[in-house]
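Secondary and tertiary structure notes
For reference, the chains in residue letters:
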Amino acid sequence: MMLSGKTIIITGVSSGIGAETARVVRAAGARVVGVDRNPASVELDAFHQVDLTDAGAVEALIGDLRTYRADGLANIAGVPPTAPPAVVLTVNLVALKRLTLGVVESLTPGASIVNLASLAGIGWQGEVERIKAAADLTLEGVAGFCAEQRITAENCYFFSKQALIAWTHENRWTWRDRGIRMNAVSPGPVDTPILGDFLETLGERAAEDARIMDRPGRPTDIAPVVAFLLSDGAGWLRGVNIATDGGMRAHIEATSNGLN
Ligand SMILES: NC(=O)c1ccc[n+]([C@@H]2O[C@H](COP(=O)([O-])OP(=O)(O)OC[C@H]3O[C@@H](n4cnc5c(N)ncnc54)[C@H](O)[C@@H]3O)[C@@H](O)[C@H]2O)c1
């Protein structure tokens, strides 16, 4: 099987895309160590109930996760823009980075790190200054950063995903000497418990997406892509961001450049 003998850490494992990824990854032969603030909802090999906005709890979690010497880390926990901006930035970016950098030394040679970004991260190239300003942000510094850099309910989700895609590109070779790679998956709208929150906050833009798309995505459209990136077959994929969105990114890139 594709992931036989591997141990994979999955955050956001108690719902939606994370829960489906746990199912797929276990079915492919791996042991899954889950992390979520809510109780586990699918069968796992180990589970750590942790709120990733709690700086102390994240440090303790890092210590626990290091003991698994895992072969992969899927950063899937995320919150929609209905949450306060500081929480969005913390869960979707700052805690994700802290957890990853805390755990990476314990990962086995050839390990894979996968970040769940979003179609909302399109256009990160226009945000490079703010992305650089956020580079060394700590959990304690998020509220001040949001005030200083005008991260609001309107832009926090976009910014968190833009910065995550940029960070994935930046880390294309960071751990290359150990064969450890980092990639991202960017879904379009997916039918999970937070889809309604996106529709509520993104307003016209979400309505336009819904009009163009044949259907929203499902967790079963996303999880196999994450599982592939966690597998050895994806060994030469480094720093890429895979659009898994029913064609939405291709549509935006083609039409915004004057093509059909
Ligand atoms: N659903 C979509 O339309 C969509 C589109 C693009 C990207 N995404 C991304 O996919 C990822 C998964 O989202 P989903 O749609 O499966 O949503 P979901 O709400 O079903 O799952 C998210 C999980 O993350 C956990 N989580 C949230 N905050 C946490 C915290 N502070 N500490 C620990 N765990 C926490 C939640 O408890 C939940 O189990 C997110 O990063 C989201 O931004 C979703």
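Above: the structure in question.
Attention here is on the structure that accompanies the text. (Residues numbered from 1 in each chain as written. Predicted model: local features only at pLDDT ≥ 70, side-chain atom pairs only at ≥ 80, totals over all residues. Heavy atoms only, no water.)

Glancing now at the side chain of N241. Here N241 is to be found in strand 7 (residues 241-244). By relative accessible area, which is 13% here, N241 ends up buried. Of the polar contacts made by the side chain of N241, one reaches the side chain of S186; its length is 2.7 Å. Not counting chain neighbours up to four residues away, the residues in contact with N241 comprise I165, H169, A184, V185, S186 and R249. (Helix = DSSP H or I, 4+ residues; strand = E, 2+ residues; numbered from the N terminus. Buried < 20%, exposed > 50% of the residue type's maximum accessible area, 1.4 Å probe, protein only. Polar contact = N/O pair within 3.5 Å; in protein donor to acceptor, adjacent residues only side chain to side chain. Contact = heavy atoms within 4.5 Å.)

It is worth spelling out the pattern of salt bridges at this point. By the definition in use, this model includes 9 salt bridges. A salt bridge links D232 to K6; the shortest N-O distance between them is 2.9 Å. Within this pair, whereas D232 is found in the loop between helix 9 (219-230) and strand 7, its partner K6 is found in the segment before strand 1 (7-11), the two being separated by 226 residues in sequence. On the basis of relative accessible area, K6 is assigned to the buried category, the value being 13%. A salt bridge links E43 to R26, with the nearest nitrogen and oxygen atoms 3.8 Å apart. In this pair, E43 is assigned in the loop between strand 2 (31-36) and strand 3 (46-49) and R26 in helix 1 (residues 16-27), connecting sequence segments 17 residues apart. (Salt bridge = Lys/Arg side-chain N within 4 Å of Asp/Glu carboxyl O.)

For the rest of this paragraph, the subject is the sheet that holds strand 1. Strand pairing in a sheet is mediated by backbone hydrogen bonds. Such pairs are either parallel or antiparallel. Strand order in the open sheet formed by 7 strands is 3-2-1-4-5-6-7, and the pairing between neighbours is parallel. One side of each edge strand has no neighbouring strand; the edge strands of this open sheet are strand 3 and strand 7. Each strand axis lies, on average, 15 degrees off the axis of its neighbour in the sheet, ignoring direction. Both strand 6 (residues 181-187) and strand 7 contribute to a ladder of 4 bridges, which runs parallel. (Pairing = 2+ DSSP bridges. Axes fitted to C-alpha atoms, helices over the stretch in contact; angles between N-to-C directions.)

Roughly 990 Å³ of internal volume is contained in the largest pocket. For the lining of the largest pocket, the elements supplying multiple residues, two or more each, are helix 1, helix 3 (85-103), helix 6 (156-170), helix 7 (195-202) and helix 8 (204-212). Considered class by class, the residues forming the lining of the largest pocket number 29 nonpolar, 12 polar and 7 charged. Considering only enclosed or pocket space, the second largest pocket measures out at about 210 Å³ in volume. Forming the boundary of the second largest pocket are L93, K97, W124, V128, I131, K132, A134, A135, A163, A166, W167 and E170. For the lining of the second largest pocket, the elements supplying multiple residues, two or more each, are helix 3, helix 4 (128-133) and helix 6. (1 Å grid on protein atoms, 1.4 Å probe; cavity = no way out; pocket = protein on both sides within 12 Å on 5 of 7 lines; lining within 4 Å. Points joined across faces, edges and corners; volume = space filled by probe spheres on them. Nonpolar A, V, L, I, M, F, W, Y, C, P; charged D, E, K, R; others polar.)

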